[in-house]
Amino acid sequence: MAIYAIGDIQGCYDELCRLLEKIEFEPSQDRLWFCGDLVNRGPASLETLRFVKSLGDSAVTVLGNHDLHLLALHYGVRKIRDSDSLSPILESPDRDELMNWLRTQPLLHRDKAHKAVMVHAGIHPDWSLGKARKLAREIEVCLRGDRPEKLLRKMYGNCPSRWSEDLRGSKRRRCIINVFTRMRYFRSNGDLDFSANGSPRQYKNLIPWFDHSLSLKPSNRILFGHWSTLQVGCYGRCFALDGGCVWGGQLVALRIDNNAEDWYFIDSGTRKPIHSVS
């Protein structure tokens with residue numbers, strides 16, 4: 001059985017089909033992990049969502065910020081924007097079925113056997129794995145409950161910009177969501193910075209989240225997407241998967257069922273060994 005973790009699709013269904021053909025994906029034997037942002041901006045979000053849902057137990061996906069935005073549109077707590085490409089989903093006859101499936105997906109997936117943890121954007125450097133799983137569960141319970149719109153209505157915004165165990169209510173939930181689905185940089189004072197989305201070489205005073213000393217045990221490897229301007233590769237024990245497909249880049253898969261030293265990337269035309277990025 002092969003396991004492939006795949007970066008942000010964002011509605012690029014044709015590219016996904018080509019990638020799965022390249023890796024010779026067999027649903028009855030292999031498994032796919034999707035690191036979130038299945039939808040938006042690309043031309044075929046509806047087809048992508050239907051396909052991933054149809055895979056059943058052959059696939060795992062975590063929620064990204066664009067997936068949560070789609071849920072907010074569905075529940076009427078946000079108006080669709082000109083930059084969105086989500087109308088086909090919202091107008092589809094199976095809309096309710098798709099949204100009920102989407103809101104039951106986790107924010108964090110862990111595979112103990114392969115010592116791999118997958119999230120959309122990252123894990124706060126102060127959080128242990130146990131803490132991260134507990135906080136993810138707080139959000140998942142709200143999304144799967146009777147009133148997910150209560151969570152979705154209050155999730156937008158950049159404040160609070162610093163995690164504290166003392167946070168309560170909507171501020172606490174917003175901070176948790178932002179860490180899992182939007183985080184890229186910290187400022188030197190320890191605050192999260194949500195305005196910068198370029199590559200690390202562009203910013204002298206900002207620190208990528210994975211450059212902090214992480215509280216997770218060293219044996220845990222983190223798989224994440226979200227950051228299309230970050231070079232795909234290995235940053236210590238963190239693996240960046242977003243190849244910027246929707247911006248003209250590549251859709252990227254990382255094979256992880258082998259020993260860690262044998263992991264490798266695949267994009268539309270190449271097999272690449274894992275490389276560290278300085």
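First things first, this report covers the structure right here in the doc. Fair warning: this is a prediction, and the values are worked out from it, not measured in the lab. (Residues numbered from 1 in each chain as written. Predicted model: local features only at pLDDT ≥ 70, side-chain atom pairs only at ≥ 80, totals over all residues. Heavy atoms only, no water.)

**Structural notes on the overall build of the chain**
A tally of regular secondary structure across the chain gives eight helices and 14 strands. Its C-alpha atoms give the chain a radius of gyration of 18 Å, near enough to 19 Å, the size a compact globule of 278 residues would have. Across its three principal directions, the C-alpha atoms of the chain cover 45 × 45 × 35 Å. When each of the 278 residues of the chain is scored for burial, the buried share is 56%. Residue pairs in contact within the chain that sit at least 24 positions apart in sequence constitute 65% of those at least 6 positions apart. For the chain, the accessible surface area stands at approximately 12,700 Å², while carbon and sulfur atoms represent 44% of it. (Helix = DSSP H or I, 4+ residues; strand = E, 2+ residues; numbered from the N terminus. Rg over C-alpha atoms; globule rule 2.2 N^0.38 Å. Buried < 20%, exposed > 50% of the residue type's maximum accessible area, 1.4 Å probe, protein only. Contact = heavy atoms within 4.5 Å. Areas by Shrake-Rupley, 256 points an atom, 1.4 Å probe, with all protein chains shown as cover.)

**A short note on helix H5 (residues 95-102)**
Here H5 has its buried residues at Leu 98, Met 99, Trp 101 and Leu 102. Looking straight down H5, one finds that the buried residues subtend no more than 160 degrees of arc, so they occupy a single side. Structurally, H5 contributes buried residues whose contacts are with helix H2 (45-54), strand S3 (59-61), helix H3 (65-74) and helix H4 (87-90). (Arc of directions from axis to C-beta.)

**Focus: helix H1 (residues 13-22)**
Within H1, the full set of buried residues consists of Leu 16, Leu 19 and Leu 20. Angular distribution of buried residues about the axis of H1 spans 100 degrees; they occupy a single face of the element. Exposed and facing more than 90 degrees away from the buried side of H1 are Asp 14, Arg 18 and Glu 21. Of the surrounding elements, those touching the buried residues of H1 are strand S1 (3-6), strand S2 (31-34), H2, strand S12 (253-255) and strand S13 (264-266). Where H1 ends, the next residue or the one after it, Glu 24, has phi of about 55 degrees, a positive value.

**Considerations on the layout of surface pockets**
Each pocket or cavity is described by its volume, and for the largest pocket that value is around 650 Å³. As for the largest pocket, its lining consists of 26 residues, of which Arg 41, Asn 65, His 66, Arg 182 and His 226 are closest to the centre. Only H3 and helix H8 (169-182) provide two or more residues apiece to the lining of the largest pocket. Along the lines of polarity and charge, the residues of the lining of the largest pocket split into six nonpolar, twelve polar and eight charged. (1 Å grid on protein atoms, 1.4 Å probe; cavity = no way out; pocket = protein on both sides within 12 Å on 5 of 7 lines; lining within 4 Å. Points joined across faces, edges and corners; volume = space filled by probe spheres on them. Nonpolar A, V, L, I, M, F, W, Y, C, P; charged D, E, K, R; others polar.)

**Some words on the packing of H3 against H5**
As a packed pair, H3 and H5 sit with axes 11 Å apart at the nearest point and diverge in direction by 135 degrees. With respect to their mutual orientation, H3 and H5 come out oblique. Considering the relative orientation of H3 and H5, their crossing is left-handed. Facing Asp 67, Leu 70, Leu 71, Leu 73 and His 74 of H3, the residues of H5 in contact are Arg 95, Asp 96, Met 99 and Leu 102. Looking at the contact of H3 with H5, its residues break down into five nonpolar, one polar and three charged. (Axes fitted to C-alpha atoms, helices over the stretch in contact; angles between N-to-C directions. Parallel < 35°, antiparallel > 145°, perpendicular 65-115°, else oblique. Left-handed = near helix turned anticlockwise from the far one by under 90°.)

**Remarks on the pairing of strand S9 (residues 221-224)**
By the alternation rule, side chains of S9 split into Arg 221 and Leu 223 and Ile 222 and Phe 224, which are all buried. Of the strand pairs in this sheet, strand S5 (residues 116-118) and S9 are connected by three bridges, and their pairing is parallel. Across the sheet, the residue bridging to Met 118 is Leu 223, located in S9. Direction of pairing for S9 relative to strand S11 (residues 238-240): parallel, over a ladder of three bridges. Bridge pairing in S11 places Ile 222 opposite Cys 238. (Pairing = 2+ DSSP bridges.)

**Quick look at the sheet that holds S9**
Spatially, S4-S5-S9-S11-S10 is the arrangement adopted by the five strands of the open sheet, whose pairing is mixed. Strand pairing shows two members of the sheet lacking a second neighbour, strand S4 (109-111) and strand S10 (233-235), which therefore form its edges. Ignoring which end each strand starts from, the neighbouring axes of this sheet average 25 degrees apart.

**Concerning the nonpolar core**
Ranked by size, the top nonpolar core spans 79 residues in total, and within it Leu 32, Phe 34, Leu 49, Ile 123, Phe 180 and Trp 209 carry the most contacts. The leading source of residues in this core is helix H6 (residues 129-144), at six residues. Not counting residues within four places of it along the chain, the set of residues in contact with Leu 49 comprises Leu 38, Val 39, Leu 70, Ile 89, Leu 98, Met 99, Trp 101 and Leu 102. If you look at the next biggest cluster of nonpolar residues, it comprises 17 residues, including Trp 33, Cys 35, Val 62 and Phe 265. (Core = buried A, V, L, I, M, F, W, Y, C linked by side-chain atoms within 4.5 Å.)

**Some points on the packing of H2 against H5**
Between H2 and H5, the shortest axis-to-axis distance is 11 Å and the interhelical angle comes to 60 degrees. Taken together, H2 and H5 sit at an angle that is classed as oblique. For the crossing formed where H2 meets H5, the hand is left-handed. Facing H2, whose interface residues are Leu 46, Leu 49, Arg 50, Val 52 and Lys 53, H5 presents Glu 97, Leu 98, Met 99, Trp 101 and Leu 102. Its residues assigned to classes, the contact of H2 with H5 comprises seven nonpolar, no polar and three charged.

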